[in-house]
Amino acid sequence: MSGQPWNNGPSPGEQPGKHPGRQPGEPPREKLFFHVDMDAFFASVEQLDTPAYRGKPLLVGGRNKRGVVAACSYEARRFGIHSAMPMQHALKRCPQAIVAASRMERYRQVSREITSRFENYSPRVQIVSIDEAFLDMTGTERLLGPPEGVARNLKEEIRTATGLTISVGIGPSRLIAKLASDMDKPDGLYRVFPGEEASFVAGLKLKDLWGLGAVTRRRLEQLGINTVLALREQRAEFLRGHFGASTGDFLYQLCRGQDPGIHEGLHERHSISAERTFADDIDDPVLLKQQILAMAEEVIQRSLQEDWRGPTVQVKLRFPSFETHSASRTLTEPPGGTRQLVAVAWQLLEKRRQGKPLRLLGVGIAGQARRNSWKEPLQQDLFPRETRPRDSREDALDPTIRQLRDRFGSGSIRRGLWISPPGEGTESPSDPKEPSE
Amino acid sequence: MKFTVEKDLILREVQIAQEIIASRSNMSILSNVLLHAAEGELIVRATDLKVSFETRIPVVVTEPGITTVFCDKLQGILRSLPEGEIEFEQGSAATGENFVIRPKFKEIDFRLRSIPADKFPELQTHIDSGYFDFPQADFAEMVTQTAFAVSDDETRFFMNGVYLETAEDKLIMVATDGRRLSLISHEIPEGLEHFEGVIIPPKVLNLVRRLSTGEGTLQMAIADKHIFFAFENHYISSSLIEGQFPNYRRVIPETQHYSIQLEKAVFSEALKRVALMVEKSRRIYLDISAGQIQIRSEESEVGVARESVAVDFEGPDTTIALNYMYLVDPLRVINTDTISIHFTEPNKALTIYSEPLDRYYHIVMPMQLQ
C-alpha cells in the first residue's frame, strides 16, 4: 500500500487512531511511536538540487572563521566530520569537501512537503524540528497493518515524492523510537519491541543516549561511569546526589530505556526565532541593525508561513566573553511585521548591549496572544480606528514578500539592507531603496 | 472583644465579605475580614483595595473590641456549625491570642489566628453628602442589560467597565468590548446633577445588583474617583476605572434599512442547537430571505447544522456572519417574548431590540463572511 492509506479507509472525521475496533474490557493498547529523521537533511537537499554535489563530501554552513557545519553528507562523515563542528576544523579533515551555503527557505519548503504526508498515517503528528518528527501510531495497527510495513510505505512515499530518504525508528515510547531511528541510518528502519527497551539501551554508547550532554557525560566519566550498564548499576539516590533531583531521575530512567517524557505535550509551537554567530564580533550599530533586520525578516517570513505569531519579542545576545543575555517584551498584539519587530528588538538590544561588541545575536517571537494567527480577525470591530491603529501598508509588505518568493524563488526580492527601523535616522543616501515600496 | 449573635445573621455578611476578598493567601491582611464590636452592633468590613464593603448587624456585645480573621476559614467554620447562637471572643490580637468561635449549648471550640485591626487598610465605604436615590429594580435592570458586554481584555482597560453618564436629560449606562455594545437609558433621578461620565468596574455593579432586594431605592454617589452605594445595612464603594471611554455614539447606527421580528424563545432554541456545530471561531450565519431566516453553522470536519425559522421579512436576500455568543448574551437579558433585529448589510452593525421597544438595545458587529 502506498500513497495515502487513510483516504482509502474511513473518512478523516472518524479519527481511526483513537480506539478502532477496541472491544469493552480489552486491555489498553500498547503505545507505538514512529520517529522520523530526515537523513543528513540539508546536505541531502543540496545534493538533490545540485547533481554535481552527489557522491561527494559536502558541508553545508558558513565558510567564515566562526562558521559551523550545519549539515554534512554521508560522504563527508567518513572523514570524521559531523554537524556542529567548526567549519575550519572540518575543512582540515577533508580539504576537498564542497562547502554550500545553507538555504533555509528551501529546506523548510522540502520539510513541509515531507511532514505534510505524515498526517496520512497518524492523527497525532509532532513536528519537533525541520528534519524530525514523531508520529503517535498507537492503535493504528488494525487499520494500517504491521508497523514495519507502514514504515516502509511511508519511506517509499517520501522517496517517490521528494527523492529523499528518511530513517524511521519504531518503539513503544518516543525515547525508544528516537534512539531506534539512529540505528540504521541512512534510509533506515529499526524497530524495538515492547519489553526489549532495557536491553536495547544497554547496547548503546553513553554518547548515543538522548539528552545526555557533553558536560554530564564528562561528570559521569569522572565518576568512573563509562557505559550504559555501569550507569544502570547506580542507585537513584547516588545520581540525584551528584546531578540534582531532575537530572538524576532523568539518568536513572534513561539507562533503563524508560521514557522520561521527552517531547510530551509538545503539540504547539511556542516560539519562532533566528540567531547568528558573527565571523567577527560586531559593535557597529549600523551592522547590528542590518543583522536584526535580516533575522527579523526571517522570523516574520517563517511566522507567515506557519501562520503563527506571538506577542513576546525576544532578543538573545552573547558577548565575546561568552556571557549570554536575553531580554523580552510582551506587546499588546503580536508585531504587525518586520519593521515593528526590528524596532522593538533594537530597543531591547541596545538596552542590554550598552555599546559592547557582540559575538552572537538572536531575535524571536513567542507567547500566547488573543490571536496567534495572521489571518484577518473574523470578528469586525465597532471602533476600527481606535482599536487598530496600524499602518495597513506596513502590514501588507511582509505577506507580499512571501508571495513573491513563493512564486519567483527566494532570491527574487530582498530588502534594501540599509533601511533603518522607524525612528532611526541612519539611512545612507547611496543605498538602494526598498524594492517593494 | 466578646459578642454573641445568631449564626445565620453573621454568616450572610461573612459570605458577602468573602465574595469581595480577592486574596486567597492566609498570610495576607487582605484575605481577612474585619470585625468590630461596638454599642450593640457588629461592623463587618472587607476589601480587595478596589471594592470596599461595610455592613452593620445587631449583636449582643459583652466586651467591645476589634480584630481581623481569615475570612475564607471563618466562612467555612460558620457554614459547618448548627443553627443557633454563637459566641465570639478575641483576646489581644496583638499578643497573638486566637479568635475563639464557640456555639452555645455545644461542645465546639474553634480558634482562628487573627491579625490586629490596625494593619487593616483604611476604607472609605461612604461619604457624608452627594447621594441620590435610585430605584433598586431599575438599577438592577440597567446592570443586567449592560455589564455582560464589557471587555475582559486588560489591554483595553477603559472598556473593562460600564460607562455611566448624563446626556440629554437621560442617565445612560453603556458597555462595549469593541465589537458589541449594550446601552440602556433612564430618566435622571431627582437630586442628581450633571456629571462627567465615569467607568465603573462590573464587580461592584454585579455585587450591588445581587445584594439589593429589588424593592425601594438605593443611594448612589460619585465622588473622588469612587462610586458609593448605600442600601439596607450595606455600604459598598469601588474605585472607578480611569481612562477615556470610546466615543460610543459614533458607532450607534443612525438608520438601518431592514428589520425582522422573532419569537425570542424560538430563536434562542434554534441558536442553541446550531451552536452545537459551531467551531472555535463561534461564527454562525444568518441567511435572511423573504419569509424566513436560516441559522446555519460553518461547514466543518465535524459536519454542519441548519435551522429555519419563519419570519415576516421583505427585502433582499442577506447573509450575515456573527459570533453566536453576541446573540446569545443579549437574548438572555432581553425581557420580552419578541425581539427585533435591525440591519442594513452584512458588514454593518446590527441592532437587537426588545419588542415592544424598551429603554435598552444591543449593537453587534458582524464577522467576516469570507
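Residues numbered from 1 in each chain as written. Chains lettered and ligands numbered in written order. Predicted model: local features only at pLDDT ≥ 70, side-chain atom pairs only at ≥ 80, totals over all residues. Heavy atoms only, no water.

### Overview of the overall build of chain B
Helices and strands together make up the secondary structure of chain B, namely 6 helices and 26 strands. In chain B, which comprises 370 residues, the share counted as buried stands at 55%. Contacts spanning at least 24 positions in sequence make up 66% of the contacts within chain B whose residues lie at least 6 apart. For chain B, the computed accessible surface area is about 17300 Å², with 47% contributed by carbon and sulfur atoms. (Helix = DSSP H or I, 4+ residues; strand = E, 2+ residues; numbered from the N terminus. Buried < 20%, exposed > 50% of the residue type's maximum accessible area, 1.4 Å probe, protein only. Contact = heavy atoms within 4.5 Å. Areas by Shrake-Rupley, 256 points an atom, 1.4 Å probe, with all protein chains shown as cover.)

### A word on the overall build of chain A
Counting its regular elements, chain A contains 17 helices and 12 strands. Classification of the 437 residues of chain A by burial places 46% in the buried group. A fraction of 64% describes how many contacts in chain A between residues 6 or more apart in sequence connect residues 24 or more apart. Per element, the accessible surface of chain A, about 21700 Å² overall, is 49% carbon and sulfur.

### Thoughts on the side chain of Arg309 of chain A
Residue and element names in this part refer to chain A. Residue placement: Arg309 occurs in the loop between α14 (285–306) and β10 (312–318). In terms of polar contacts, Arg309 uses its side chain to reach the backbone carbonyl oxygen of Pro335, at 3.3 Å. A polar atom in the side chain of Arg309 sits 3.5 Å from the backbone oxygen of Ser373. Excluding residues within four positions of it along the chain, Arg309 makes contact with Ser303, Pro334, Pro335, Gly336, Ile365, Gly367, Asn372, Ser373 and Trp374. (Polar contact = N/O pair within 3.5 Å; in protein donor to acceptor, adjacent residues only side chain to side chain.)

### Observations regarding the interface of chain A and chain B
On the chain B side, the residues contacting the 13 residues of chain A number 27 residues. Inspection of the chain A/chain B interface yields 1 salt bridge. Where chain A touches chain B, the interface holds 6 residue pairs in polar contact (both at pLDDT 80 or more). For the side of chain A that touches chain B, the residue count by class is 4 nonpolar, 4 polar and 5 charged. (Salt bridge = Lys/Arg side-chain N within 4 Å of Asp/Glu carboxyl O. Nonpolar A, V, L, I, M, F, W, Y, C, P; charged D, E, K, R; others polar.)

### So, the sheet that holds strand β6 (residues 65–70) of chain B
Across a sheet, strands are paired by hydrogen bonds formed along the backbone, either parallel or antiparallel in direction. Residue and element names in this part refer to chain B. Within the open sheet, the 9 strands sit side by side as β10-β6-β2-β3-β4-β18-β17-β16-β11. Their pairing is antiparallel. Only two strands of the sheet have a single partner each, and these edge strands are β10 (114–115) and β11 (132–135). Note: β6 against β10, 2 bridges, orientation antiparallel. Residue pairing across strands places Val69 opposite Ser114, the latter belonging to β10. Along the sheet, helix α1 (residues 7–20) makes contact with β2 (32–38), β3 (41–47), β4 (51–58) and β18 (234–239), crossing β4 at roughly 175°. On top of the sheet, helix α3 (residues 136–146) reaches β11, β16 (217–223) and β17 (226–231); it is set at about 75° to β11, its chief contact. (Pairing = 2+ DSSP bridges. Axes fitted to C-alpha atoms, helices over the stretch in contact; angles between N-to-C directions.)

### Re the layout of surface pockets
Once rolled over the atoms, a probe with the size of a water molecule shows which space is left empty. All names here are of chain A. Volume-wise, the second largest pocket comes out at about 770 Å³. In terms of lining, the second largest pocket is formed by 24 residues, of which the most central are Asp37, Arg77, His82, Ser83 and Asp182. Per element, the largest residue contribution to the lining of the second largest pocket is 4 residues, and it comes from strand β3 (residues 69–72). Its residues assigned to classes, the lining of the second largest pocket comprises 11 nonpolar, 5 polar and 8 charged. (1 Å grid on protein atoms, 1.4 Å probe; cavity = no way out; pocket = protein on both sides within 12 Å on 5 of 7 lines; lining within 4 Å. Points joined across faces, edges and corners; volume = space filled by probe spheres on them.)

### Regarding the nonpolar core
Membership of the largest hydrophobic core comes to 94 residues, with the highest contact counts inside it found for Leu74, Phe88, Phe139, Phe229, Ile236 and Phe267 of chain B. Apart from the residues within four sequence positions on either side, Phe267 of chain B is in contact with Leu262, Leu286, Ile293, Ile295, Leu327, Leu331, Ile339 and Ile341 of chain B. In this structure, Ala43, Val60, Phe118 and Met137 of chain A belong to the second largest nonpolar core, which totals 32 residues. (Core = buried A, V, L, I, M, F, W, Y, C linked by side-chain atoms within 4.5 Å.)

### Side note on the sheet that holds strand β12 (residues 358–366) of chain A
All names here are of chain A. Pairing is antiparallel across the open sheet formed by 4 strands, whose spatial order is β9-β12-β10-β11. In this open sheet, the two edge strands, each paired with only one partner strand, are β9 (271–282) and β11 (324–330). On average, each strand axis in the sheet is tilted by 15° relative to the strand beside it, whichever way the strands run. Here 7 bridges tie β10 to β11, and the two strands are oriented antiparallel to one another. Within β11, the position partnered with Arg318 by the bridge is Thr324. The sheet strands contacting α14 are β9 and β12, and the helix crosses β9 at an angle near 155°. Contacts from helix α15 (residues 338–353) reach β10, β11 and β12, with the element oriented near 40° to β10.

### A short note on the pattern of salt bridges
Scanning all chains against the criterion turns up 43 salt bridges over all chains. With a shortest N-O distance of 2.7 Å, Arg106 of chain A and Asp49 of chain A are connected by a salt bridge. Residue Arg106 of chain A is located in helix α5 (residues 104–118), and its partner Asp49 of chain A is located in helix α2 (residues 41–49); the two are separated by 57 residues in the primary sequence. On the basis of relative accessible area, Arg106 of chain A is assigned to the partly exposed category, the value being 22%. A salt bridge links Arg332 of chain B to Asp329 of chain B; the shortest N-O distance between them is 3.7 Å. Of this pair, Arg332 of chain B and Asp329 of chain B both sit in helix α6 (residues 325–333), 3 residues apart, which is roughly one turn of that helix. One salt-bridge network, held together by shared partners, links Glu87, Glu89, Arg102, Asp109 and Arg111 of chain B.

### Examining the environment of Ser111 of chain A
All names here are of chain A. Along the chain, Ser111 turns up in helix α5. Taking relative accessible area as the criterion, Ser111 reaches 6% and is therefore assigned buried. Separated by 21 residues in sequence, Ser111 and Glu132 place their C-alpha atoms 9.0 Å apart. The contact partners of Ser111, leaving out residues within four places of it in the chain, are Met38, Phe41 and Ile130.

### Examining the packing of aromatic side chains
Residue and element names in this part refer to chain B. Scanning all chains against the criterion turns up 16 aromatic pairs over all chains. Measuring from ring centre to ring centre gives 4.6 Å for Tyr163 and Phe245, while their planes differ by 0°; the resulting arrangement is stacked. Pair noted here: Tyr163 is in strand β12 (residues 162–167) and Phe245 is in the loop between β18 and β19 (258–263), with a separation of 82 residues, a long-range link. The buried category is assigned to Phe245, whose relative accessible area is 3%. (Phe/Tyr/Trp six-rings, centres within 6.5 Å; stacked < 30°, edge-to-face > 60°.)

### Things to note about unusual backbone geometry
With an omega of -10°, the peptide bond between Lys185 of chain A and Pro186 of chain A qualifies as cis. Position of Pro186 of chain A relative to the elements: it lies in the loop between α8 (174–181) and β8 (189–191). The linkage connecting Glu355 of chain B with the following residue, Pro356 of chain B, adopts the cis geometry, with an omega of 5°. Tracing the backbone through its elements, the reader meets Pro356 of chain B in the loop between β25 (350–355) and β26 (360–364). Phi at Asp187 of chain A takes a positive value of approximately 55°, unusual for a residue other than glycine. Along the chain, Asp187 of chain A falls in the loop between α8 and β8. Relative accessible area serves as the criterion here: at 31%, Asp187 of chain A is assigned to the partly exposed category. A positive phi angle, near 60°, is found at Phe105 of chain B, a position not held by glycine. In this fold, Phe105 of chain B is placed in the loop between β8 (99–103) and β9 (110–112).

### Overview of α5 of chain A
Residue and element names in this part refer to chain A. Helix length check: α5 (15 residues) gives 21 Å between terminal C-alpha atoms against 21 Å at 1.5 Å per residue, within 8%. Residues of α5 that are buried include every one of Tyr107, Arg108, Val110, Ser111, Ile114, Thr115 and Phe118, and no others. Down the axis, α5 shows its buried residues gathered within 165° of arc, on one side only. (Expected span 1.5 Å × (residues − 1). Arc of directions from axis to C-beta.)

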